[in-house]
Amino acid sequence: MTTVVEKPLAPGTRNEPGGPFKAVLALALFESRRLLTRVPVLLAFAVYLGWTVWRAGKAWGDYPALQDADRATQGAPMLVGLAVLLSVNQAALRSRRHGTERHFAVLLLPHWCRTVAHALSAVAAALVTAVCVAGQFGSEALRPGAIGQGSVGELLVGPLTVLLFGLAGLLVAVLVRSPLAAPLLVVLLLFLFAFLSGPDYGSRWLLPAVEEATSNTLPSDLIGRPAAWHALYLAGLALFLGLVAVLVAGGRKPAVLAATAGALAMTLAGGVAQSGGDSPQLVKARERATVHPEQVQSCVRRDGSTYCAFPEWGTRVADWAAVVDRVRSLAGGGAHEQDVVVRQRVEARYGLSGDGTLTPLERPHEVTVGTRWGGNRVPEFSAAVAGVLIAGDEKAATSICDGRVIPLMWLAVGWESDPFDALRRVRLDDSITGSAIVLQPTSGLSMTAAQTEVLRALLDLPRGEAGARVKDRWRELTAPKVTAARAAALLDLPAPDGEDKCS
């Protein structure tokens, strides 16, 4: 009788090609697929995409500035990040929740390897977010009227936020084996966002996304946001949290310890560098662009008029010239042939955190145009051109308080396809009746109820007839101290009933 002696197998060993790495990758793919199909994550991405599609073209119209569009990709991914935080945390606690933790002891993968797989699932969610961010920014960049340039550092904030939140949820699952910890962490994060989002320059850069409550568009080289350092800070912090989770789970390998130290160094380097404030060179450049824009602008001539713009806005000259030509075409007397100088101006001394008002220019026939275009900015610029043609300079135009406002506003909106809509958009209260403030790139001007009545009656006429009446009586209509009633009589329109005193 032959006795067969079998060699006992060492527990927990397996000669499978690829070893633990292959198993970790397989588990990571499984967890990634499961994470991306969880209801909270799907809802968050649906809201993100719906908001992005709905907002497409609304913030900048057909004329986006890409140095603003890149920052607009940072807010919505925070919602996705919170959903990923909760979902990764629940996935990491699944075995404990279902009472299957003891069964993993007989498998190839120890706890820390499974933790690595959960971390990689958060990376998958960040990559999907990166695709969404690229699509959002790309749709703005492909618009024919897009100007400027975006920042890679700003575009990385959204995906890195999702990664950071996902790995934070994983670390909490490793440290606190309770399903209540992640929701409490979400509440804590929301509290910190509200607390740190104040005006202090240094503390607010500790947040994942740093919003700028401003409508000011600056040239790209004057923005001064430490986007690259902030991206390094977020990447280092996310990597640090993930590696700490692996260490706590038992992966105390020399490579993991070294990587954790490197991630901490990245976080500190980015955090310190991003809190340094504006450099002296940036402050001087902003001062020069605000006070002496002619030193950094290039000028071109079109039909006798001169247009001076910052380098990124050179393609906008054709749009400005078209408005100037249409306004001059409605003017009478010498204003019909008057050349102007259109000067692009910006208040850059306070960066994106300030929306300072531009003072009216006193140089003859020089008009201010801002850095934003499209929508309400068009009739506002048109009103500024009309004021300079009538009063001679911007400072005098913004001081007009008599019946000259009527021909001024006729020049400003009379050439529009829908002049009443343009009138509504250029007035502060969006009205077409009563008194109001007319907006311009610099200071606004007052429009009385009587002047509004006469202008409305003029706009009700056929455009050719109204234009002929204005040109025939141009000298009298643009004489100082002319009243609204006198202007109505000159234009053969009914006398106004409203108040004719400036507020």
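See above for the structure.
This report concerns the structure included in the present document. (Residues numbered from 1 in each chain as written. Predicted model: local features only at pLDDT ≥ 70, side-chain atom pairs only at ≥ 80, totals over all residues. Heavy atoms only, no water.)

Attention now goes to the overall build of the protein. A tally of regular secondary structure across the protein gives 21 helices and six strands. Relative to its length of 503 residues, the protein is extended, with a C-alpha radius of gyration of 32 Å against a globular reference of 23 Å. Projected onto its principal axes, the C-alpha coordinates of the protein cover approximately 130 × 45 × 40 Å. A total of 503 residues make up the protein; the buried ones form 49% of that total. Of the contacts made within the protein by residues no fewer than 6 positions apart, 74% connect residues no fewer than 24 positions apart. Of the roughly 23,800 Å² that the protein leaves accessible, carbon and sulfur atoms contribute 61%. Charge centroids of the protein, computed over 48 positive and 44 negative side chains, lie 11 Å from each other. (Helix = DSSP H or I, 4+ residues; strand = E, 2+ residues; numbered from the N terminus. Rg over C-alpha atoms; globule rule 2.2 N^0.38 Å. Buried < 20%, exposed > 50% of the residue type's maximum accessible area, 1.4 Å probe, protein only. Contact = heavy atoms within 4.5 Å. Areas by Shrake-Rupley, 256 points an atom, 1.4 Å probe, with all protein chains shown as cover. Lys, Arg positive; Asp, Glu negative; His and termini not counted. Charge placed at Lys NZ, Arg CZ, Asp CG, Glu CD.)

Residues Trp320, Phe381, Met409, Trp410 and Leu411 are the most contacted members of the largest nonpolar core, which totals 70 residues. In terms of residues, this core owes the most to one element, helix H14 (residues 377-391), which gives nine residues. Excluding anything up to four places from it in sequence, Phe381 contacts Trp320, Val323, Val324, Val342, Val367, Thr368, Val369, Trp373 and Pro441. Judged by nonpolar contacts, the second largest core, of 53 residues, contains Ala44, Val174, Ala209 and Ala231. (Core = buried A, V, L, I, M, F, W, Y, C linked by side-chain atoms within 4.5 Å.)

At a minimum axis separation of 7 Å, helix H4 (residues 77-92) and helix H7 (residues 152-175) run at an interaxial angle of 25 degrees. In terms of orientation, H4 and H7 fall into the roughly parallel class. For H4 against H7, the interelement crossing comes out right-handed. Contact residues: H4 offers Pro77, Met78, Val80, Gly81, Leu82, Val84, Leu85, Val88, Asn89 and Ala92, while H7 offers Gly158, Thr161, Val162, Phe165, Gly166, Ala168, Gly169, Leu170, Val172 and Ala173. A per-class count over the contact of H4 with H7 returns 14 nonpolar, six polar and no charged. (Axes fitted to C-alpha atoms, helices over the stretch in contact; angles between N-to-C directions. Parallel < 35°, antiparallel > 145°, perpendicular 65-115°, else oblique. Left-handed = near helix turned anticlockwise from the far one by under 90°. Nonpolar A, V, L, I, M, F, W, Y, C, P; charged D, E, K, R; others polar.)

Its location among the elements puts Ser32 in helix H1 (residues 19-36). Ser32 has contacts with Leu120, Ser121 and Ala124, leaving out every residue within four places of it along the chain.

With that out of the way, let us pick up helix H10 (residues 227-248). The end-to-end C-alpha distance of H10 is 32 Å, a good match for the 32 Å that 22 residues give at a rise of 1.5 Å each. In the segment just after H10, Gly250 is the residue with positive phi, at about 115 degrees. (Expected span 1.5 Å × (residues − 1).)

All right, on to the pairing of strand E1 (residues 298-302) then. Alignment of E1 against strand E2 (residues 305-309), held across five bridges, turns out to be antiparallel. By the bridge assignment for E2, Arg302 is matched with Ser305. Counting the residues that bridge the hairpin from E1 to E2 gives two residues, and of these Asp303 lies at a positive phi of roughly 50 degrees. (Pairing = 2+ DSSP bridges.)

Here we come to a nonpolar patch on the surface. Together, Leu188, Phe191, Leu192 and Phe195 make up an exposed nonpolar region whose accessible area comes to about 430 Å². As for its position among the elements, Phe191 is in helix H8 (residues 181-196). Phe191 sits in the exposed class, given a relative accessible area of 53%. (Patch = residues over 30% accessible without salt bridge, like charges linked within 9 Å, V, L, I, M, F, W, Y side chains within 5 Å. Salt bridge = Lys/Arg side-chain N within 4 Å of Asp/Glu carboxyl O.)

Pairing in this open sheet of four strands is mixed, and the strands run E1-E2-E3-E4 from one edge to the other. Taken across any chain shown, the strands that pair with only one partner, and hence form the sheet edges, are E1 and strand E4 (366-369). Direction aside, the axes of adjacent strands within the sheet are offset by 20 degrees on average. Alignment of strand E3 (residues 341-344) against E4, held across four bridges, turns out to be parallel. For Arg343, the partnering residue across the bridge sits in E4 and is Thr368. Contacting E1, E2, E3 and E4, helix H13 (residues 317-330) runs over the sheet at an angle of about 145 degrees to E2. Its contacts with the sheet put H14 on E3 and E4, and the angle it makes with E4 is roughly 170 degrees.

With that settled, the discussion passes to the packing of aromatic side chains. Under the definition given, this model contains three aromatic pairs. A ring pair is formed by Trp51 and Trp54, whose centres lie 5.6 Å apart and whose planes are at 35 degrees; its orientation type is tilted. Taken together, the positions of Trp51 and Trp54, both in helix H2 (residues 39-55) and three residues apart, correspond to about one turn of that helix. On the accessibility criterion, Trp51 (47% relative accessible area) is partly exposed. (Phe/Tyr/Trp six-rings, centres within 6.5 Å; stacked < 30°, edge-to-face > 60°.)

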